Every structure is written in structure tokens, then in C-alpha cells.
Amino acid sequence: QRKIVKKSFFSIFFPIFAILFVTVFTYGGNAVSAGDLPEWANGLPRKSDNSTYVRMNIQHGCGIYLDLDSIAVEIYNPPYYQIAALFYVFDLDNTFIKKGKYVWKYIWSDYRYDRKMYEHTPHDEWQYIPADELINAHRDLRLGGEIAWWKCYGIDFYGNPFDS
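Just so we're clear, the structure is a prediction, and the values are computed from it rather than from any experiment.

(A) Region of interest: the overall build of the protein. The secondary structure content of the protein amounts to 2 helices and 8 strands. Mapped in sequence order, the helices and strands of the protein form the string α-β-β-β-β-β-β-β-β-α. When burial is assessed residue by residue, the protein has 37% of its 164 residues classed as buried. By sequence separation, contacts in the protein at least 24 residues apart represent 47% of the contacts at least 6 residues apart. Accessible area of the protein: about 10000 Å², with a carbon and sulfur share of 57%.

(B) The arrangement of the side chain of D67 in detail. Within the element layout of this structure, D67 appears in strand β3 (residues 62-67). Within the buried set, D67 has no salt-bridge partner at all; the shortest N-O distance to an opposite charge, 7.5 Å, is to K99. Looking at D67, its side chain comes within polar contact range of the main-chain nitrogen of D69, at 3.1 Å. For D67, the contacting residues outside a window of four places in its chain are T52, Y53, L86 and Y88.

(C) A look at the pattern of salt bridges. Tallying each qualifying case throughout the model produces 2 salt bridges. A salt bridge links E74 to K101, with the nearest nitrogen and oxygen atoms 3.1 Å apart. Taken together, the positions of E74 in strand β4 (residues 72-77) and K101 in strand β6 (residues 96-107) put the pair 27 residues apart, joining distant regions of the chain. Overall, E74 belongs to the partly exposed group, its relative accessible area being 38%.

(D) Looking closely at the confidence of the model for the protein. Averaged over the protein, the pLDDT score is 80; the fraction of residues at 70 or greater is 73%. When the elements of the protein are averaged for pLDDT, helix α1 (residues 2-26) gives the smallest value, 47, and β4 the largest, 97. Overall, residues 16-35 carries pLDDT values under 50, and its contacts beyond four positions in sequence, including any with other chains, amount to 21 contacts.

(E) The nonpolar core, seen in detail. Counting residues in hydrophobic clusters, the biggest one holds 30 residues, and the most contacted among them are L66, I71, W104, Y106 and I147. Those elements that provide at least two residues to this core are β2 (50-59), β3, β5 (80-91), β6 and α2 (139-153). When residues in this core are grouped by element, the largest group, 6 residues, is from α2. The residues touching I147, leaving out its near neighbours within four places in the chain, are L37, W40, A41, L44, M56, L66, L68 and I71.

How each quantity is defined
- Residues numbered from 1 in each chain as written.
- Predicted model: local features only at pLDDT ≥ 70, side-chain atom pairs only at ≥ 80, totals over all residues.
- Heavy atoms only, no water.
- Helix = DSSP H or I, 4+ residues; strand = E, 2+ residues; numbered from the N terminus.
- Buried < 20%, exposed > 50% of the residue type's maximum accessible area, 1.4 Å probe, protein only.
- Contact = heavy atoms within 4.5 Å.
- Areas by Shrake-Rupley, 256 points an atom, 1.4 Å probe, with all protein chains shown as cover.
- Lys, Arg positive; Asp, Glu negative; His and termini not counted.
- Salt bridge = Lys/Arg side-chain N within 4 Å of Asp/Glu carboxyl O.
- Polar contact = N/O pair within 3.5 Å; in protein donor to acceptor, adjacent residues only side chain to side chain.
- pLDDT = per-residue confidence, 0-100.
- Core = buried A, V, L, I, M, F, W, Y, C linked by side-chain atoms within 4.5 Å.

Here it is, written out as C-alpha cells:
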């Protein structure tokens, strides 16, 4: 009778523990909660009425905001990854201008300088985003790509873009 109790305990609780383990350690979506950002990104401005919108850039009098809640893994095939997120553009009077989608492709390497990040352009091309360049025209792409990676995997891709 003791063997039956042990066997039924094992047969009932082992599948529950296995499912819990797989769910916790292999989930490919947002592994980090929406409120968490890398330390270097905590100072980025948020949209006043929505704290999940982080401003990546200001161009032509408009703010470009990354929606942290929309970040999602599209391809997980190490060392190749693809992550997408929505962005919103508002003018300085807080009037909505447009909504769009960022898509980043990443090629991971254990060596920082061998890593590659690309952004999918409206012309259906992949534009390389260099590690050591944070120029104004591409600021939102680099910051957004770095934050998207960090939100999904909890580590930096290139590292703090403000140290580049």
C-alpha cells in the first residue's frame, strides 16, 4: 500500500512540476515584466498618460515612443532572433500622429563585437544598426532594439548605448 501512495504521488505531482518548470524557464515571450528596464534606460522619458510608452527620439517636433507592452519574440532560433514592437508618434501637443511597427533581427555571439542587429525598413530591406553608433537619425532604432532584446532576454545585446 505504501508503494501505491508513493507511485500515485509521483504520477500526480511530477507532471505539474514538469509543466511549471517548462513554463518558467523556456517561455519565449516577455521574460521580464513591463515595468523593468535596463538600468541605463530608466532615465528615458515616458509619455505622461501612459508609462509603458518610452520616448526613443524626437524628430521634426514629434516624439517617437516604443510601446513596452507590445514587445514580442517572432523568431527564436539561436543564434538568430527576431523581435517586434509597436511605436507611436505624437506631436509636442500630445496629438497622435501615427502608429507603426519596429522589427529587429539579431545575430547573437558570445563576443560583443561579433553581434549584429538589423532593423526591417519600409522598403523591405534589413538595415544594419552598428554597436558603437548612436546618431540622431537612428537613435530610436538602436535604443528600441536594445530595450526590446533586454525585455525579452534580460541581458544587454550591444550594451549601454550611451557608453558607445
